[in-house]
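Observations on chain architecture
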Amino acid sequence: MAVAASRRDFLRSVGVAGGAGVLYSTMGALGLAPVPDARAEAYRPPSPGDFTLTGRAAKKVLILGAGVAGLATAYELGKAGYDCHILEAKDRPGGRNWTVRGGTTETDLDGRTQRATFSDGEYLNAGPARLPQSHVSLDYCRELGVELQVFTNQNANAYIHHANVPGALAGQSVRWRTAKADVYGYVSELLAKATDQGALDAELTADDKERLLSFLRNFGAIGGRADGWSYTGTSRRGYSVEPGAGLEAGTVLGSVPAMSDVISSGIGTRFSFEFGYDQAMLMFQPVGGMDAIPRALAEAIGRRRVSYGAEVTAVTDRADGAEVTWRDGRGRVRTETADFVVAAIPPMVMARVRHNLGADVTAALRYATPTPVGKIGLEYRRRWWEEDERLYGGITNTDLDLSTIWYPSHGFHGRRGTVVGYYNFGENALAYSRLPHEERLARALDRGVRIHGEKYRSELARSFSVAWHRTPFIEAGWVGWPSQTGPEYRLLNEPAGHVYFAGDWLSHAIAWQHGAFTSARKVVTEIHERVLSA
């Protein structure tokens, strides 16, 4: 008993002097606690066992917002027995992780109400819709048992449609495969000619020049030296008649556009999308809708720990904790105290909440810039994109004000399907949001007909549109920072007394659930270490 008491006193002294990090290491060296391998992920979830030899106990934490960051904070702290209570202003978990189904009702800040009438099994992921392989979001799906399916982020059969460009390709819908063949072909032709004519002699040896020319012939499918390195088009562009049985060799897609038309069209500027680290295939989505993630988190946390319809009106930091005032769904004003508060709501919303955290905190919250974002879901009576255009999932990029069209990556060969008719940002999103839903729909259909023809309008069954910047308690698709190295961003990554901030907006993965999860993990670790070393 004397040895145990001495060890406990020793560890308490270590914790006071060196903080929780040193305490963990010391406990590990004594064989009293697991210490993460230096090669492993830095994050280690808190555990009830962390309190065994410290004389500490889990605390109460109030969490503002049941978006992914707020839910993840409660979920991780709950692993160690923290008493967490989430206050969520809306009537559902998830925040921007919102799947619209038949029966969903939403009233925007302009007082306009929509009620979704999607058929059973049809839905719109109004917020996040895809999960990259590198993101910890997938780890939570595994841990929570959220079933996944492949999300087709890039499809060679999707289109690039540029209307506001000069040349013969203006207003033409060009398949991605065709666009790539032509751009890569002509760029390879130009570089091969320049190389062969000595333009790169100062940079390359004779052997390197031949190697480069060999690469370009393969990369761009161009002719050789005898052919003047010309690009004339190959089956990479696609077929107007598919190869078949017997004597049907297929008909290669002809009418190769001129080099000047390909360059002036700007279609090659779209290719960088699929090279993006977060955009590279393979990607995933939860089966049945993205909101499977927040629903699983909320279930794991426990229903009694989340209060919906709870609008926070004030946050007060105290010497020994913090106090939150909020209005419940019946309009009653409540006050609740806790050891810590985690504000996991959008910064521009938090900036309007009364608090005593200081003018610099308010200024920092307002420093973040809200990004207007809009989406519309279009349910069709038949899956014409599959039946008529052999298009199974993927995204069409345009320079029209709808920006992109997304085709569903589930329900293949089903009777119906729901297309994302626009997913736009900035000024385009603002323009659509000023319109009532029916006018948004008419505008989106007018643009879509230019790409897919009249069936884009005539086959429509139902629709629902979202303007995130006009959505109560959210007010943006995401936020940007003029600087993430300046004092504002740094300030909000530190606690204001007993009040912490969390969200994808406090990460370098803004607009991804990964950012929300990692921000939550950071705050959880900081609170837990603070409790252990207090």
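Everything numeric here is computed off the predicted structure, so don't read it as measured data.

Structural notes on the overall build of the chain
When its secondary structure is counted, the chain shows 16 helices and 27 strands. A buried classification covers 53% of the 534 residues belonging to the chain. Within the chain, contacts between residues at least 6 apart in sequence are counted, and of these 68% link residues at least 24 apart. If you sum the accessible surface of the chain, you get close to 23500 Å²; carbon and sulfur atoms cover 52% of it. For the chain, the distance from the average position of its 60 positive side-chain charges to the average position of its 59 negative side-chain charges is 5 Å.

Considerations on the side chain of Glu-389
The topology assignment puts Glu-389 in the loop between helix H11 (384-387) and strand E22 (394-398). At a separation of 3.0 Å, a polar atom in the side chain of Glu-389 contacts the side chain of His-452.

Thoughts on the UniProt feature "domain: Amine oxidase" (unreviewed entry) in the chain
The feature "domain: Amine oxidase" (unreviewed entry), as annotated in UniProt, sits at residues 68-527 in this numbering. When the span residues 68-527 is considered, its composition is 31% helix and 24% strand, and the gap between its end C-alpha atoms is 18 Å.

Observations concerning the nonpolar core
Among the nonpolar cores identified, the biggest contains 60 residues, and Val-100, Leu-378, Tyr-380 and Tyr-456 are the most heavily contacted of them. Element by element, the count of residues in this core is highest for helix H4 (residues 176-196), at six residues. Excluding residues within four positions of it along the chain, Tyr-456 makes contact with Leu-378, Tyr-380, Trp-384, Ile-405, Val-419, Gly-421, Ala-444, Leu-445, Gly-448 and Val-449.

Considerations on the confidence of the model for the chain
Reading fine detail from the predicted coordinates is not recommended where pLDDT is low. The pLDDT averaged across the chain works out to 93; a share of 92% of its residues lies at or above 70. When the criterion is pLDDT under 50, residues 14-26 qualifies, and its contacts beyond four places in sequence or with other chains add up to 23 contacts. Scored below 50 in pLDDT, residues 34-40 makes six contacts in the model with residues more than four places away or belonging to other chains.

Considerations on the pattern of salt bridges
Per the stated rule, a full pass over the model turns up 41 salt bridges. The closest approach of N and O atoms between Arg-470 and Asp-110, which form a salt bridge, is 2.9 Å. A residue pair is termed long-range when its members are at least 10 positions apart, and Arg-470 in the loop between strand E25 (460-467) and strand E26 (478-480) and Asp-110 in the loop between strand E4 (105-107) and strand E5 (113-115) qualify at 360 residues. In this structure Asp-110 comes out as partly exposed when scored by relative accessible area, which is 40%. A salt bridge links Glu-210 to Arg-225; the shortest N-O distance between them is 3.2 Å. In this pair, Glu-210 is assigned in helix H5 (residues 206-220) and Arg-225 in the loop between H5 and strand E11 (239-241), connecting sequence segments 15 residues apart. One salt-bridge network, held together by shared partners, links Arg-382, Glu-387, Asp-388, Glu-389, Lys-455 and Glu-459.

Some remarks on unusual backbone geometry
A cis amide bond, omega 5°, links Met-281 with the succeeding residue Leu-282. As for its placement among the helices and strands, Leu-282 is situated in the loop between helix H7 (272-275) and strand E13 (283-286). Backbone geometry places Arg-390, a non-glycine residue, at a positive phi of 50°. Within the secondary structure layout, Arg-390 lies in the loop between H11 and E22. Phi at Ala-511 is positive, roughly 80°, even though this residue is not glycine.

Points about the packing of H4 against H5
Following both chains from N to C, one finds H4 and H5 inclined at 160°, their axes separated by 9 Å at the closest point. On the basis of the axis angle, H4 is roughly antiparallel to H5. Where H4 crosses over H5, the handedness of that crossing is left-handed. Judged by residue contacts, Tyr-184, Gly-185, Ser-188, Leu-191, Ala-192, Thr-195 and Asp-196 of H4 engage Lys-209, Leu-212, Leu-213, Leu-216, Phe-219 and Gly-220 from H5. Its residues assigned to classes, the contact of H4 with H5 comprises seven nonpolar, four polar and two charged.

A look at the sheet that holds strand E2 (residues 83-88)
As summarised here, the arrangement of the five strands in space is E14-E2-E1-E18-E27, forming an open sheet in which the pairing is parallel. Of all strands in the sheet, those bounded by a partner on one side alone are strand E14 (306-308) and strand E27 (499-501). This sheet shows a mean twist of 20° between the axes of neighbouring strands, independent of strand direction. In terms of strand pairing, E2 meets E14 through three bridges, oriented parallel. Paired with Glu-88 across the strands is Tyr-308, a residue of E14.

Notes on the packing of aromatic side chains
Tallied over the full model, the rule gives 26 aromatic pairs. An angle of 85° between the planes, with centres 6.2 Å apart, marks the rings of Trp-98 and Phe-464 as edge-to-face. Of this pair, Trp-98 sits in the loop between E2 and strand E3 (99-100) while Phe-464 sits in strand E25; the two residues are 366 residues apart in sequence, bridging distant segments of the chain. Phe-464 carries the same exposure label as Trp-98, and that label is buried. What links up through ring pairs into an aromatic cluster is the set Trp-176, Tyr-184, Phe-215, Phe-219, Phe-271 and Phe-273. Taking the ring centre of Tyr-123 as reference, the NZ or CZ of Arg-101 above it sits at 6.0 Å. Note that Arg-443 overlies the ring of Tyr-432, its terminal NZ or CZ placed 4.9 Å from the centroid.

Things to note about the sheet that holds strand E7 (residues 131-132)
Across the sheet, which stays open at both edges, the three strands sit in the order E7-E13-E8 with antiparallel pairing between neighbours. Each of the sheet's edge strands pairs with one partner strand only, and the pair in question is E7 and strand E8 (148-151). Taken together, the four bridges between E8 and E13 define a ladder with antiparallel strand orientation. Paired with Gln-149 across the bridge in E13 is Gln-285.

Side note on the side chain of Arg-416
Tracing the chain through its elements places Arg-416 in the loop between strand E23 (404-407) and strand E24 (417-425). Looking at Arg-416, the relative accessible area reads 18%, which means it is buried. Here the side chain of Arg-416 touches Glu-379 through a polar contact of 3.0 Å, side chain to side chain. Once residues lying within four places of it in the same chain are set aside, the contact partners of Arg-416 are Ser-119, Glu-122, Glu-379, Tyr-380, Arg-381, Arg-383, Ala-461 and Arg-462.

About the thresholds
- Residues numbered from 1 in each chain as written.
- Predicted model: local features only at pLDDT ≥ 70, side-chain atom pairs only at ≥ 80, totals over all residues.
- Heavy atoms only, no water.
- Helix = DSSP H or I, 4+ residues; strand = E, 2+ residues; numbered from the N terminus.
- Buried < 20%, exposed > 50% of the residue type's maximum accessible area, 1.4 Å probe, protein only.
- Contact = heavy atoms within 4.5 Å.
- Areas by Shrake-Rupley, 256 points an atom, 1.4 Å probe, with all protein chains shown as cover.
- Lys, Arg positive; Asp, Glu negative; His and termini not counted.
- Charge placed at Lys NZ, Arg CZ, Asp CG, Glu CD.
- Polar contact = N/O pair within 3.5 Å; in protein donor to acceptor, adjacent residues only side chain to side chain.
- UniProt positions renumbered as here; feature names shortened; annotations may be inferred.
- Core = buried A, V, L, I, M, F, W, Y, C linked by side-chain atoms within 4.5 Å.
- pLDDT = per-residue confidence, 0-100.
- Salt bridge = Lys/Arg side-chain N within 4 Å of Asp/Glu carboxyl O.
- Axes fitted to C-alpha atoms, helices over the stretch in contact; angles between N-to-C directions.
- Parallel < 35°, antiparallel > 145°, perpendicular 65-115°, else oblique.
- Left-handed = near helix turned anticlockwise from the far one by under 90°.
- Nonpolar A, V, L, I, M, F, W, Y, C, P; charged D, E, K, R; others polar.
- Pairing = 2+ DSSP bridges.
- Phe/Tyr/Trp six-rings, centres within 6.5 Å; stacked < 30°, edge-to-face > 60°.
- Lys NZ or Arg CZ within 6 Å of the ring centre and 35° of its normal.

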